[in-house]
Amino acid sequence: MYSTKMLFEKCKVTCFLVCKRAYRKPASNFLDQLRVYVRGGGGGQGQPKFGGKGGDGGCVYVEAVPNMTLQNLKRSNIKKRFIAGNGENSTKRMLQGQPGTDLTVRVPRGVCVTTDSGEVIGDLDVDGEKVVVANGGRGGCMATKWNGKKGEVHSVKLVLKLIADVGLVGFPNAGKSTFLKAVSRTDPKIAEYPFTTLRPQLGVVHYEDLRQISVADLPGLIEGAHMNRGMGHEFLRHIERTKLLLFMVDVHGFQLKESWPFRTAYETAVLLNKELELYKPELTGKPAILALNKIDKDGAEDRLQETLQSFNTDNYPGIPDDLIPELPIKFRDIVPISAAQGTGIQRLNDRIREVLDDELERQRVEMSSNKGIMKL
């Protein structure tokens, strides 16, 4: 028999577990990386007496398709194991064994397929592109002493890199999510503390002539992101395929916490430049715009003029030598805004469109010139 005290303790434990389950945080629907097991089909056995050849094993492919997510892929195959069909054996009635069935793993556009060591197998940037990740084994024949060979076995990573027109770059709490909400129909989490954006979010800017430009709101960087501090590489890989970088900087400056140094708006922009340079130097060559946010707050006009004046100098005032970029980003424009109040948002949207169109025209002319050289 249970004593009253024992029953009470048991009820407390049960209530705690029930409450814990009830208030458990919901899992995020966004998944940007998935590790899967892939195996090519084995080759069928040959028929040495009659010279019959076994069928080759099927291959495993990864293909980019529209309207697909890594989350959906995971749900459709919980075990994350993808195995192609085996080739059929050679028989007296059918000397040539039938090949095994190929298997296609469907992923969203923008997935980079890598080995566990990070070696790139293929980038799938366009719907319909595909890459083989596990070859099937050869069917049994004279060269294999009539024994079918096993298919390749690998573990591969499917790493999603968002494809967007514009990538928002900034330290935490710079107002990136507020800007995205102001210009699109998304509803990102917004609060007065760092790291409100933990997963990338996509929004679309709609123009009056029905032009649409996609904007990616990415997790905030911290100093040392290139070394994978904070959400480092989780953030940085997503900006690799954007066409335009939009730096979002608090005009009043930034300080992550009391133990970290305070950075002015100018210093913040320079440090962001340095982080991109150290992670992947090619990123500094992308077209970029700087938005100085929160100009609606007290003292903003003085901070704005100080920042603009610093950008007009050539010697990086107040920046330590080890933080000065070797590949400085030349901003196409510096636009003061208040994402919360809407001030300057229309001008920024117009500049984003103009810079994207200019870049597209530049690439078109460059491609035309290259074709002309090839003809000569």
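Anything mentioned here points back to the structure above.
Residues numbered from 1 in each chain as written. Predicted model: local features only at pLDDT ≥ 70, side-chain atom pairs only at ≥ 80, totals over all residues. Heavy atoms only, no water.

Draft legend 1. Structural context of the overall build of the protein chain. Looking only at helices and strands, the protein chain features seven helices and 14 strands. Per-residue burial over the protein chain gives 44% buried out of 376 residues. Long-range pairs, those at least 24 residues apart, make up 71% of the contacts in the protein chain with a sequence separation of at least 6. Within the structure as shown, the protein chain displays about 21200 Å² of accessible surface, and the carbon and sulfur contribution to it stands at 52%. (Helix = DSSP H or I, 4+ residues; strand = E, 2+ residues; numbered from the N terminus. Buried < 20%, exposed > 50% of the residue type's maximum accessible area, 1.4 Å probe, protein only. Contact = heavy atoms within 4.5 Å. Areas by Shrake-Rupley, 256 points an atom, 1.4 Å probe, with all protein chains shown as cover.)

Draft legend 2. Quick peek at the sheet that holds strand β8 (residues 153–160). With respect to topology, five strands assemble into an open sheet ordered β3-β1-β8-β5-β6, the strand pairing being mixed. The outermost strands of the open sheet, each flanked by one partner alone, are β3 (81–83) and β6 (120–124). Strand after strand, the sheet turns through a mean of 25° between neighbouring axes, direction not considered. Across seven bridges, the pairing between strand β1 (residues 33–39) and β8 is antiparallel. Bridge pairing in β8 links Gln 33 to Val 159. (Pairing = 2+ DSSP bridges. Axes fitted to C-alpha atoms, helices over the stretch in contact; angles between N-to-C directions.)

Draft legend 3. Summary view of the sheet that holds strand β9 (residues 166–169). One open sheet holds the six strands; their spatial order is β10-β11-β9-β12-β13-β14, and the pairing between them is mixed. Taken across any chain shown, the strands that pair with only one partner, and hence form the sheet edges, are β10 (201–206) and β14 (334–336). In this sheet, neighbouring strand axes are inclined to one another by 25° on average, regardless of whether the strands run parallel or antiparallel. Contacting β9, β12 (244–250) and β13 (288–293), helix α5 (residues 265–279) runs over the sheet at an angle of about 145° to β12. Packed on one face of the sheet, helix α6 (residues 300–311) meets β13 and β14 and runs near 155° to β13.

Draft legend 4. Representation of the nonpolar core within the structure. Of all hydrophobic cores here, the largest spans 28 residues; its most connected members are Leu 245, Phe 247, Val 249, Leu 276, Leu 290 and Leu 292. Among the secondary structure elements, those contributing two or more residues to this core are β12, α5, β13 and α6. At eight residues, α5 tops the list of elements feeding residues into this core. Not counting chain neighbours up to four residues away, the residues in contact with Leu 245 comprise Gly 167, Val 169, Ile 239, Leu 276, Leu 283, Lys 286, Pro 287, Ala 288 and Ile 289. Membership of the second largest hydrophobic core comes to 25 residues, among which are Ala 64, Leu 73, Val 113 and Leu 158. (Core = buried A, V, L, I, M, F, W, Y, C linked by side-chain atoms within 4.5 Å.)

Draft legend 5. Structural view of the packing of aromatic side chains. Taken as a whole, this structure holds four aromatic pairs when the rule is applied. Summarising the aromatic geometry, the rings of Phe 247 and Phe 331 are spaced 5.1 Å apart at their centres and angled 80° between planes, so their arrangement reads as edge-to-face. Remark: Phe 331 occurs in the loop between α6 and β14 and Phe 247 occurs in strand β12; sequence separation between them is 84 residues. Here Phe 247 and Phe 331 have matching classes, each one buried. Ring centres 5.0 Å apart and planes at 85° place the aromatic pair Tyr 266 and Phe 311 in the edge-to-face group. Of the two residues, Tyr 266 is situated in helix α5 and Phe 311 in helix α6; the sequence distance between them amounts to 45 residues. With a relative accessible area of 6%, Tyr 266 lands in the buried category. A relative accessible area of 25% means that Phe 311 is categorised as partly exposed. Three or more aromatic residues link up through ring pairs in this structure, and these residues are Phe 247, Tyr 266, Phe 311 and Phe 331. One cation-aromatic arrangement involves Lys 130 over Tyr 61; the distance from NZ or CZ to the ring centre is 4.7 Å. (Phe/Tyr/Trp six-rings, centres within 6.5 Å; stacked < 30°, edge-to-face > 60°. Lys NZ or Arg CZ within 6 Å of the ring centre and 35° of its normal.)

Draft legend 6. The arrangement of α5 in detail. Between its first and last C-alpha, α5 extends 21 Å over 15 residues, near the 21 Å set by a 1.5 Å rise per residue. Within α5, 14 of the 15 residues are buried, leaving the element largely enclosed by the surrounding structure. (Expected span 1.5 Å × (residues − 1).)

Draft legend 7. Structural detail: the packing of α5 against α6. Contact geometry of α5 with α6 gives a least axis separation of 8 Å together with a crossing angle of 45°. The angle between α5 and α6 falls in the class oblique. Across from Ala 265, Tyr 266 and Ala 269 in α5, the residues of α6 making contact are Thr 307, Ser 310 and Phe 311. The residue makeup of the contact of α5 with α6, split by class, is four nonpolar, two polar and no charged. (Parallel < 35°, antiparallel > 145°, perpendicular 65-115°, else oblique. Nonpolar A, V, L, I, M, F, W, Y, C, P; charged D, E, K, R; others polar.)

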